[in-house]
Amino acid sequence: MDPGKIKEKLLKAVDSFPDKRILVIGDVMLDQFVWGEVSRISPEAPVPVVQVEKESFLLGGAANVANNLRSLDSNAALSGIIGDDGFGETVLSLCSEKAIDTSPLLIDRTRPTTLKTRIVARGQQVVRVDREDPTPLETDIADILKQGLEAALEECDAVIVSDYNKGVVCSMVMDFLINFSKQKEIPVLVDPKPVNASLYRGARVITPNLKEAQDITSLSAQGEAELEISARTMAESLELEIVLITRGAEGMALWQREKGLFTIPTMAREVFDVTGAGDTVISLMALGLVAGLSPCESAFLANLAAGIVVGKVGTATVTRQELGQAIEKAPIDSLHH
Ligand SMILES: Nc1ncnc2c1ncn2[C@@H]1O[C@H](COP(=O)(O)OP(=O)(O)OP(=O)(O)O)[C@@H](O)[C@H]1O
Ligand SMILES: [Mg+2]
């Protein structure tokens, strides 16, 4: 296909995002930022005293994937758990601001909302404080979660599993999710945690970063030949169709069962903050596939979008307008797969 035609196809796919609906299931988190000034050392211990000036909250973990999807104007539903506490309420109100459908999201009274607090002074993180209970879900909670999932799956075009090993992604939930999605022919894409790899058997797509790929396979994945072996090993042992290994500054490597490996160099011009780029990648991979793009075109779009978010400060997202402009400027001739 000539580059003009491919650009047209990509732009048309992006135009269709508002008609798509993606279900995100996984570990919902809240990121809290506390900004302040340090003017003295504590008399109680050799630590700085931070005088708080402002505080803010951002959706994290699975909720940040939903946030990415909404920023691209697609519909997003979020499943997982929050605690019966004020931070859980903050998650719900942030979701409501972004019009994320939280009807499949449950309150688990036995654990707190997962919270990551960063205390920042003079532009530097002083300390991070985590609150979480990563024990596996109780059977009764998993059962209610599955009921909510069943209803949500009836309406969605694809499912993204965002696993941070905090308890939601367990065999009770994943066995149900993967079987039900197979029946309904809904693609399942997984952003993995290596310890849980066996739970992803039968998913369509997995998007590990390089380190995660190495941990899942116990193989190194340095050059292209090794990346191909690593991806094939993962795909064969977990019965996956597509493996997308993200490689930070090196871009990404897409592996497909029929076509083997295809590497895509990074599109980033300036890099400010790479956190959350993985969430952007899996969001675009899902939207690209449900919009009718090939895996290769979807990965190209995901890489383009990741190149935009790493150029922004803070956990950032990308809009359809920004993506459209990037498509116009992109060197499409590299896309011949
Ligand atoms: N330093 C960088 N320079 C250019 N592009 C980058 C850089 N880091 C990340 N990217 C882009 O973002 C994509 C995903 O990044 P990465 O491989 O770091 O994922 P990740 O480790 O899952 O990220 P996350 O912190 O969100 O979990 C890469 O494939 C690339 O397109
Ligand atoms: Mg990641």
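In every chain, residue numbers begin from 1 and rise along the written sequence. Each chain is given a letter, starting from A, and each ligand a number, starting from 1, according to the order in which they appear as written. Per-residue local features of the predicted model are confined to residues with pLDDT of at least 70, and side-chain atom pairs are confined, for both listing and counting, to 80 or more; whole-chain, interface and lining totals are unaffected and use all residues.

It is worth spelling out the overall build of the protein chain at this point. Here a helix means four or more residues in a row that DSSP labels H or I, a strand means two or more in a row labelled E, and each is numbered from the N terminus. Along the protein chain, the regular secondary structure elements total ten helices and 13 strands. Over its C-alpha trace the protein chain gives a radius of gyration of 20 Å, about what one expects of a compact globule, namely 20 Å for 337 residues. The principal-axis extent of the C-alpha atoms belonging to the protein chain is close to 65 × 45 × 40 Å. We call a residue exposed when 12 or fewer other C-beta atoms sit within 10 Å of its C-beta, buried when the count reaches 20 or more, and partly exposed for counts in between; the C-beta positions come from the backbone. Counting across all 337 residues of the protein chain, residues that qualify as buried make up 46%. Across the protein chain, contacts joining residues at least 24 apart in sequence account for 70% of those joining residues at least 6 apart. The quantity called the radius of gyration is restricted to C-alpha atoms. Its globule counterpart is 2.2 Å times the number of residues to the power 0.38. Contact between two residues is assigned whenever their backbone-derived C-beta positions fall within 7 Å.

All right, on to the sheet that holds strand E6 (residues 114-121) then. Strand pairing in a sheet is mediated by backbone hydrogen bonds. Such pairs are either parallel or antiparallel. At least two DSSP bridges between two strands are needed for those strands to be called paired. Ordered by their spatial adjacency, four strands build an open sheet running E3-E2-E6-E7, and the pairing between neighbours is mixed. If you trace the sheet from one side to the other, it starts and ends with strand E3 (48-61) and strand E7 (124-131), each paired once. When strand polarity is set aside, the average angle formed by the axes of neighbouring strands in this sheet is 20°. Both strand E2 (residues 28-41) and E3 contribute to a ladder of 13 bridges, which runs antiparallel. Considered in E3, the bridge of Trp35 is made with Lys54. Contacts from helix H2 (residues 62-71) reach E2 and E3 within the one sheet, and its direction differs from that of E3 by about 65°. Each axis is a line fitted through C-alpha atoms, and for a helix only the stretch in contact is used; angles between axes span 0 to 180 degrees, taken between their N-to-C directions. In this fold helix H3 (residues 86-97) packs onto E2, E3 and E6, with an angle of close to 55° to the strand it touches most, E3.

As for its placement among the helices and strands, Leu30 is situated in strand E2. The spacing of Leu30 and Leu58 is 28 residues in sequence and 6.0 Å in space, taken between C-alpha atoms. Setting aside chain neighbours within four positions, we find Leu30 in contact with Phe57, Gly60, Phe87, Thr90, Val91, Thr113, Thr114 and Leu115.

Moving on, we get to the site of ligand 1. What surrounds ligand 1 is a group of 21 residues, the closest being Thr246, Ala268, Ala277, Gly278 and Ala306. Going through the elements one at a time, helix H8 (277-290) and helix H9 (295-309) are the ones with two or more residues in the shell around ligand 1. No other element matches the four residues that H8 contributes to the shell around ligand 1. Within the shell around ligand 1, the residues separate by chemical class into nine nonpolar, ten polar and two charged. Think of it this way: take the backbone, place a C-beta atom on it, and check whether that atom is within 6 Å of the molecule or strand, in which case the residue is near it. Polar here means any residue other than Ala, Val, Leu, Ile, Met, Phe, Trp, Tyr, Cys and Pro, which are nonpolar, and Asp, Glu, Lys and Arg, which are charged; Gly is therefore polar.

A few words now on the packing of helix H6 (residues 210-217) against helix H7 (residues 224-238). Running from N to C, H6 and H7 point in directions that differ by 60°, and their axes come no closer than 10 Å. Considering their axes alone, H6 and H7 lie oblique with respect to each other. Where H6 crosses over H7, the handedness of that crossing is left-handed. Residues Ala213, Ile216 and Thr217 of H6 lie in contact with H7, whose contacting residues are Ser230, Thr233 and Met234. Split into classes, the residues belonging to the contact of H6 with H7 amount to three nonpolar, three polar and no charged. For this classification, under 35 degrees means roughly parallel, over 145 means roughly antiparallel, 65 to 115 means roughly perpendicular, and everything else is oblique. Crossing handedness: left-handed means the near helix sits turned counterclockwise from the far one by under a right angle, and right-handed means the same turn made clockwise.

With that settled, the discussion passes to helix H1 (residues 3-15). Given a rise of 1.5 Å per residue, 13 residues ought to cover 18 Å, and the 18 Å separating the end C-alpha atoms of H1 matches this to within 8%. Listing the buried residues of H1 in full gives Leu10, Ala13 and Val14. Projection of H1 onto a plane perpendicular to its axis shows the buried side chains occupying an angular sector of 100°, all on one side. In H1, the exposed residues that point more than 90 degrees away from the buried face are Gly4, Lys5 and Lys12. Expected helix span is computed as 1.5 Å times (number of residues minus one). Starting at the helix axis, one direction is taken to each C-beta atom, and the arc is that of these directions.

A separate point is unusual backbone geometry. Positioned with a positive phi, Asp73 is a non-glycine residue whose angle comes to about 70°. Tracing the sequence through the fold places Asp73 in the loop between H2 and strand E4 (75-83). Under the C-beta neighbour-count criterion, Asp73 is labelled partly exposed, with 16 such atoms within 10 Å. Backbone geometry at Glu185 places phi at a positive 55°, although glycine is not the residue there. With respect to the helices and strands, Glu185 occurs in the loop between helix H5 (171-184) and strand E9 (188-191).

Such coordinate-based values are descriptive only and should not be taken to indicate function.
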